[in-house]
Amino acid sequence: MKVNKLDHICIAVRDLDAAKKVWEPVLGKGGPDDAYVDEPEKIRVARYWVGEAGFELMESTTPDGPVAKWIDKHGEGVMLVSLNVDDTRKAVDELQSRDYPFIPAPSGEVARPFRDCEFAFIHPKKVNNVLLEVIDYKWDELKK
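## Details of the nonpolar core
- Counting residues in each nonpolar core, the largest one holds 18 residues, and the members touching the most others are Ala12, Met58, Val67, Met79, Phe114 and Ile135.
- Of all the elements in the fold, those that place two or more residues in this core are strand 1 (5-13), strand 3 (43-50), helix 2 (66-74), strand 5 (77-84), strand 8 (117-122) and strand 9 (131-135).
- Among all residues touching Ile135, those that are not within four sequence positions of it are Asp7, Ser82, Leu83, Asn84, Val85, Thr88, Phe114, Cys117, Glu118 and Phe119.
- Counting 12 residues, the second-largest nonpolar core is a separate cluster that includes Leu83, Val85, Val92 and Val110.

## With respect to the environment of Ile43
- Summarising the element assignment, Ile43 is placed in strand 3.
- Accessibility expressed as a relative area gives 8% for Ile43, which makes it buried.
- Here the alpha-carbon distance between Ile43 and Phe55, two residues 12 residues apart in the chain, equals 15 Å.
- When residues no more than four places from it in sequence are discounted, the contact partners of Ile43 are Tyr36, Val37, Asp38, Met58, Glu59, Thr61 and Val67.

## With respect to the packing of aromatic side chains
- In this structure the tally under the stated criterion is four aromatic pairs.
- Measuring from centroid to centroid gives 5.4 Å for Tyr36 and Phe114, while their planes differ by 55°, and the two rings are tilted. You can see Tyr36 sitting in strand 2 (residues 34-38) and its partner Phe114 sitting in strand 7 (residues 112-114), a full 78 residues away along the chain. Per residue, the accessibility class of Tyr36 equals that of Phe114, and both read buried.

## Observations regarding the environment of Ser97
- Along the chain, Ser97 turns up in helix 3 (residues 88-97).
- A polar contact of 2.6 Å, which involves the side chain of Ser97, links it to the backbone oxygen of Glu94.

## Structural notes on the state of the cysteines
- Applying the stated criterion across every chain yields a total of zero disulfides.
- Unpaired in this structure, Cys117 has its nearest cysteine sulfur neighbour in Cys10, at a distance of 13 Å.

## Quick word on the side chain of Glu56
- By secondary structure assignment, the location of Glu56 is in strand 4 (residues 53-60).
- On the basis of relative accessible area, Glu56 is assigned to the buried category, the value being 2%.
- Reaching out from Glu56, the side chain makes a polar contact with the side chain of Tyr36 at a distance of 3.3 Å.
- Engagement of the side chain of Glu56 in a polar contact is seen with the side chain of Arg47, the distance being 2.2 Å.
- Those residues within four positions of Glu56 in sequence are excluded, and the remaining contacts are His8, Ile9, Cys10, Ile11, Tyr36, Val45, Ala46 and Arg47.

## A short note on helix 1 (residues 16-27)
- Helix length check: helix 1 (12 residues) gives 15 Å between terminal C-alpha atoms against 16 Å at 1.5 Å per residue, within 8%.
- Elements that come into contact with the buried residues of helix 1 comprise strand 1, strand 3 and strand 4.
- Two or three places before Asp17, at the opening of helix 1, Asp15 has a side-chain oxygen 3.1 Å from that residue's backbone nitrogen.

Cut-off values and rules
- Residues numbered from 1 in each chain as written.
- Predicted model: local features only at pLDDT ≥ 70, side-chain atom pairs only at ≥ 80, totals over all residues.
- Heavy atoms only, no water.
- Core = buried A, V, L, I, M, F, W, Y, C linked by side-chain atoms within 4.5 Å.
- Buried < 20%, exposed > 50% of the residue type's maximum accessible area, 1.4 Å probe, protein only.
- Helix = DSSP H or I, 4+ residues; strand = E, 2+ residues; numbered from the N terminus.
- Contact = heavy atoms within 4.5 Å.
- Phe/Tyr/Trp six-rings, centres within 6.5 Å; stacked < 30°, edge-to-face > 60°.
- Polar contact = N/O pair within 3.5 Å; in protein donor to acceptor, adjacent residues only side chain to side chain.
- Disulfide = S-S within 2.5 Å.
- Expected span 1.5 Å × (residues − 1).

Now the structure itself:
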């Protein structure tokens, strides 16, 4: 599998607005470069560009969402590392052939939709207890 770059790192937070006040001065930003809500994943996100990589602050939109559960178990902090690939499904096929387990979406699918791409989560038990994501998004926002 070819990795194009580190795509983004996600920090799980309880209160996104409070976290933005802490992180924006450190990042030299006056607000997120990209803010969005992902309803299927039950998250609200503030994304900041640091070079060509994203730095995301991520808050659960529900008390039973995956981010809320992660915080309950681990506390706030780094939750996810994402690697950019050319084709998520090909990366999944290759890694599954090498016995990397993936976390399926509630629908049962391994590849999950996001904007005009797909992403998938490699189970932390295989990669040193890190939630690892592969994503094939092209990030045209960087070209603006």
